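Survey of secondary and tertiary structure
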Amino acid sequence: TGAAQGIGEAYARALAAEGAHVVVADLNEHSGQRVAKEIEAAGGTAMFVRCDVSDADSAIAMAEATVAAYGGIDLLVNNAAIYGDMQFDLLITVDWDYYRKFMSVNMDGALVVTRAVFPHMQQRGGGAIVNQSSTAAWLYSGFYGLAKVGINGLTQQLAHELGGMNIRVNAIAPGPVDTAATRTQAGQAAHDIVRTS
């Protein structure tokens, strides 16, 4: 998820280069279609599916489209997040509706998509789920960091619940990465970060 740009795009390209059949799941149709077409042009297998990770019906439709195209699901990377255009504010003052929408994507989205996908993995005898955390989980970083703390706890709980189905659940926690979204958030400071896009 969130594979139309930035780190998610890098994941999609790398997985396709390793032989995976990739679904570029994102709300950004223009960029998502571009990434899928470029993967195909490079000899990989990919398709774009529009997906809102905060909406259970959208996630279920994405999972069903994946199974229809590829016959099953083996791997899920929960990467989607509101980040590049994220508002800066304190937990005690952030607009409540914005906070709820933010958390519905950045924290709850991983659970929404996992719930849509895991039955298909179970049917295949197992699979793997990778959740995108961040070093922000261990720093003062407002509701973004709070969402990543939630991702860490979610990962542990899902590993417990899904391990008996032979579905591995792990999280990775990169530090700042020089993507377009980070350049929007950090400005010139982003140039001191390892570049990936």
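Throughout what follows, the structure given in this document is the object of discussion.

**Things to note about a nonpolar patch on the surface**
Nonpolar side chains collect at one region of the surface, where L90, L91, I92, Y140, L146 and V149 lie side by side and expose about 650 Å² of accessible area between them. Mapped onto the fold, Y140 is located in the loop between strand 4 (127–132) and helix 6 (142–162). The exposed category is assigned to Y140, whose relative accessible area is 71%.

**Considerations on the packing of helix 5 (residues 108–123) against helix 6**
Between helix 5 and helix 6, whose axes approach to 11 Å, the crossing angle comes to 20°. Considered as vectors, helix 5 and helix 6 are oriented roughly parallel to each other. You can see that helix 5 and helix 6 cross each other, and the crossing is right-handed. The residues of helix 6 that touch helix 5, namely those facing A110, L111, T114 and F118, are I151, L154, L158 and L162. Its residues placed into classes, the contact of helix 5 with helix 6 shows seven nonpolar, one polar and no charged.

**Re unusual backbone geometry**
A positive phi angle is found at N166, which is not glycine, with a value near 65°. Along the polypeptide, N166 turns up in the loop between helix 6 and strand 5 (167–172).

**Some thoughts on the packing of aromatic side chains**
Going through the model one piece at a time under the given rule, you end up with five aromatic pairs. With a centroid separation of 6.0 Å and an interplanar angle of 70°, the aromatic rings of Y98 and F143 are classed as edge-to-face. Of this pair, Y98 sits in helix 4 (residues 96–106) while F143 sits in helix 6; the two residues are 45 residues apart in sequence, bridging distant segments of the chain. By way of ring pairs, the aromatic residues W96, Y98, Y99, F102 and F143 are connected into one cluster.

**Topic: the layout of surface pockets**
In this structure, the second largest pocket occupies an estimated 520 Å³ of space. In terms of lining residues, the second largest pocket is bounded by 24 residues, among which H21, V22, V23, L75 and L76 are the most central. Class assignment of the residues belonging to the lining of the second largest pocket gives a composition of 15 nonpolar, six polar and three charged.

**Digging into empty space enclosed by the protein**
Using the criterion set out here, one finds one cavity of 30 Å³ or more in the structure. N78, N79, A80, V105 and A110 are the residues nearest the centre of the largest cavity, which is lined by 13 residues in total. Mapped by element, the contributors of at least two residues to the lining of the largest cavity are helix 4, helix 5 and helix 6. At three residues, helix 5 tops the list of elements feeding residues into the lining of the largest cavity. Broken down by class, the residue content of the lining of the largest cavity amounts to six nonpolar, six polar and one charged.

Cut-off values and rules
- Residues numbered from 1 in each chain as written.
- Predicted model: local features only at pLDDT ≥ 70, side-chain atom pairs only at ≥ 80, totals over all residues.
- Heavy atoms only, no water.
- Patch = residues over 30% accessible without salt bridge, like charges linked within 9 Å, V, L, I, M, F, W, Y side chains within 5 Å.
- Areas by Shrake-Rupley, 256 points an atom, 1.4 Å probe, with all protein chains shown as cover.
- Salt bridge = Lys/Arg side-chain N within 4 Å of Asp/Glu carboxyl O.
- Helix = DSSP H or I, 4+ residues; strand = E, 2+ residues; numbered from the N terminus.
- Buried < 20%, exposed > 50% of the residue type's maximum accessible area, 1.4 Å probe, protein only.
- Axes fitted to C-alpha atoms, helices over the stretch in contact; angles between N-to-C directions.
- Parallel < 35°, antiparallel > 145°, perpendicular 65-115°, else oblique.
- Left-handed = near helix turned anticlockwise from the far one by under 90°.
- Contact = heavy atoms within 4.5 Å.
- Nonpolar A, V, L, I, M, F, W, Y, C, P; charged D, E, K, R; others polar.
- Phe/Tyr/Trp six-rings, centres within 6.5 Å; stacked < 30°, edge-to-face > 60°.
- 1 Å grid on protein atoms, 1.4 Å probe; cavity = no way out; pocket = protein on both sides within 12 Å on 5 of 7 lines; lining within 4 Å.
- Points joined across faces, edges and corners; volume = space filled by probe spheres on them.

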